[in-house]
There are 2 protein chains.
Amino acid sequence: MKISVDAMGGDNAPKAVIEGCIAAIKSTDIDIILTGPESLLQEQLSKYDYDKSRIEILDAPEVIGTNEHPVMAIRKKKNSSLNIALDCVKNGKSDAVISAGSTGAILAGGLFKIGRIEGVERPAIAPMLPGKNKSFIIIDVGANVDCKPSNLLQFGIMGNIYMQDVMGIEKPSIGLINIGAEEEKGNELTKSAYKLLKESKLNFIGNVEPRYIPNGDVDVLVSDGFVGNTFLKTYEGVASTIFSILKTEIKSSLRGTIGGLILKPVFSRFKKRFDYKEIGGAPFLGIDGICIKAHGSSDAKAIYNAIRQAKILFDKKIIDKIKESITESLSTES
Amino acid sequence: MKISVDAMGGDNAPKAVIEGCIAAIKSTDIDIILTGPESLLQEQLSKYDYDKSRIEILDAPEVIGTNEHPVMAIRKKKNSSLNIALDCVKNGKSDAVISAGSTGAILAGGLFKIGRIEGVERPAIAPMLPGKNKSFIIIDVGANVDCKPSNLLQFGIMGNIYMQDVMGIEKPSIGLINIGAEEEKGNELTKSAYKLLKESKLNFIGNVEPRYIPNGDVDVLVSDGFVGNTFLKTYEGVASTIFSILKTEIKSSLRGTIGGLILKPVFSRFKKRFDYKEIGGAPFLGIDGICIKAHGSSDAKAIYNAIRQAKILFDKKIIDKIKESITESLSTES
């Protein structure tokens, strides 16, 4: 298997990306295509000892910044590291693409270069988050800010396949993010989506109030991208605010400092168990090719994990599975 | 001033409500009308020593539960403690109403019995939340799940008046909850609302991403009720999940237990500084009378604080101020 990796995406690019790729070729049989300014990549790569036949460099002199308009950037910067990495999937040169760059640009590029799976109305981003009891995915968290009820049904179908076939959960539970538990609660969108999800073959367990999501009792949480993004960002924001205040309070007295030192292993264990940041990369489900967005602050390990994740999606034939599920749901409908 | 209080609303009713009312008459000149089953209230009140002329009991044999359909309950249970308390404002028998009962029922009853302020399209709930730097309000958090852009502008206008005249903030900053900082970000609703807020006389500072809300840098956060509620519930859910996990981790070892004991004052200070639950009661802004929803888990102190809050809204003539602002904004428009 071959994966094209945007060497210039993310806060720690290209160093972290390159290190993650080298780790991947050393412990897996995946080959890598790295896209970015050739001389820069060659210079960086020369610092490492690795099998040169397994990392190919494709020159991409341009870089898309996180603040650029996604569609414009994809259209204008044809020689950007992201566009060249996407082209590899488009041309069959690679089997998957990974970038830690701008989410909007990856989505725009994915749609433009690779396209949607037939029958999928809207591709969606599905990051995995840590919960108290288990991890869960939210689909969508920002690719689609204005949704129709049928979009949400499809998010449920794609999320179900992902958790079932990729994550190995037998009958994933599917919940709808809503502001009340009862069927009649919510806005026009959730009320209609509820009906569609209930009538589907999914293991739909009903509405889930955001208050209970961090418990991690439900495998797949369906939402329009605006609400999903609001949840995701609040999750991250509240957690980091709490830890920042706690840190200040602990450091403000001798007693606090001593207590903090004693509790250090507890805090580390906690951090490991409940790192509120997304786990691994977030797949764009519904794109007709494997396309993973790694976290913007990815280190080498995160890139390595995203590469391994892409391999699982590839091995499990996620694209074919989504195609089948969507086709089946469309035939049931009519 | 006289306030009608729904004695049967909230998890700790009627005991906590009664204690809060007694505390209020002892330290302020506010008189109370308590509504609920007469014999029950009389029996409860008989346990306390207070000036009987200052708490009037109005018999209300029925109680509206939190799981009842709000509109149906308000229509059917005419003799419920909430309906009788609302009637007092409607008939001029009291100057404000407080309930810790069902938010939906208070809103439905407030609209039905007291009505909207002229020109206000949709009343909204505006709870205050603790932030790292300062407290802030979100308007709306659930009264309106499907909104038009003009609704959001009015939420901004009402939130501005509340923070300025009631909370004494000179030029409150107004932000729009959105999934990106730039003007062009968001869904159809936020994009249009952004334009209206920008053109208004408010101190509009632009979009605020949910991640940064807990910092408490912005005084008033405007949102449709679905997104506002999602934020609010996530805020509460993440915070309580973190503390529940931390508690388990601390108790799981001797070292943790010792560290936890040493850090107890730090945790208490933190809890005091950053109690993620709403502060005081949440006013329904846009109702043509002072109407406050106290937190469902209110204790006596919370009820006492809600009574004091109602007095400030009354003294500051919040209803008149909202009327003026809305009228002014409508005349500017045309």
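Residues numbered from 1 in each chain as written. Chains lettered and ligands numbered in written order. Predicted model: local features only at pLDDT ≥ 70, side-chain atom pairs only at ≥ 80, totals over all residues. Heavy atoms only, no water.

**Re the interface of chain A and chain B**
In many reports, interface size means the accessible area that the parts give up when they come together. This is how it is decided: Contact definition: two residues touch when any of their heavy atoms are within 4.5 Å. In this description, buried area is defined as the sum, over both parts, of the accessible area (probe of 1.4 Å) that is lost when the two are combined. Salt bridge, as used here: a side-chain nitrogen of Lys or Arg that lies within 4 Å of a carboxyl oxygen of Asp or Glu. Only DSSP runs of H or I covering at least 4 residues are called helices, and only runs of E covering at least 2 are called strands; the numbering of each starts at the N terminus. We call Asp, Glu, Lys and Arg charged. Ala, Val, Leu, Ile, Met, Phe, Trp, Tyr, Cys and Pro are nonpolar, and the rest, Gly among them, are polar.
Taken together, the contacts link 54 residues of chain A with 54 residues of chain B. Around 5000 Å² of area is buried between chain A and chain B when both sides are counted, 71% of it from carbon and sulfur atoms. Broken down residue by residue, the surface that chain A buries against chain B is led by Ile179(A), Arg211(A) and Phe226(A), which jointly contribute 14%. In this structure, the connection of chain A to chain B is made through six salt bridges. The residue Glu209(B) makes a salt bridge to Lys233(A) at a minimum N-O spacing of 3.8 Å. The element that contributes the greatest number of residues to the side of chain A that touches chain B is helix α8 (residues 225–251) of chain A, accounting for 20 residues. In the side of chain A that touches chain B, the residues fall into 25 nonpolar, 17 polar and twelve charged.

**Focus: the domain arrangement of chain A**
All names here are of chain A. Here is the rule we go by: The start and end points of each domain follow an automatic or database-based domain assignment.
The domain architecture assigned to chain A consists of domain 1 (1–118 + 286–316) and domain 2 (121–278). Centre-to-centre, using C-alpha coordinates, domain 1 lies 26 Å away from domain 2. Tallying the contact residues gives twelve residues for domain 1 and eleven residues for domain 2. At the boundary of domain 1 with domain 2, total buried surface from both sides reaches about 930 Å², with 70% on carbon and sulfur atoms. Connecting domain 1 to domain 2 are zero salt bridges.

**Some details on the packing of helix α6 (residues 149–166) of chain B against helix α7 (residues 188–199) of chain B**
Residue and element names in this part refer to chain B. For clarity, the threshold we go by: Note on geometry: axes are C-alpha line fits, over the in-contact stretch for helices, and angles between N-to-C directions span 0 to 180 degrees. An angle below 35 degrees is read as roughly parallel, one above 145 as roughly antiparallel, one from 65 to 115 as roughly perpendicular, and any other as oblique. Should the near helix be turned counterclockwise from the far one by less than a right angle, the crossing is left-handed, whereas a clockwise turn marks it as right-handed.
Running from N to C, α6 and α7 point in directions that differ by 50 degrees, and their axes come no closer than 8 Å. In terms of orientation, α6 lies oblique with respect to α7. Seen along the crossing, α6 lies across α7 with a hand that is right-handed. Mapping the contact onto sequence places Pro149, Ser150, Leu152 and Leu153 in α6 and Leu189, Ser192, Ala193, Leu196 and Leu197 in α7.

**Let's talk about empty space enclosed by the protein**
Residue and element names in this part refer to chain A. Let me state the cut-off plainly: Each cavity reported here is a set of points on a 1 Å grid over the protein atoms alone in which a 1.4 Å probe fits but cannot get out, each pocket an open set with protein on both sides within 12 Å along at least five of seven lines, and each lining residue one with an atom within 4 Å of a point. Grid points are joined across faces, edges and corners, and a volume is the space filled by probe spheres set on the points.
Counting across every chain of the model gives five cavities of 30 Å³ or more. Volume-wise, the largest cavity comes out at about 70 Å³. What lines the largest cavity is simply Asp6, Met8, Gly9, Val63, Ile64, Ser81, Leu82, Ser99, Gly101, Ser102, Ala105 and Ile106. Mapped onto the lining of the largest cavity, the elements with two or more residues apiece are α4 (81–90) and α5 (103–114). Partitioned by chemical class, the residues of the lining of the largest cavity number six nonpolar, five polar and one charged. Here the second largest cavity defines a volume of roughly 50 Å³.

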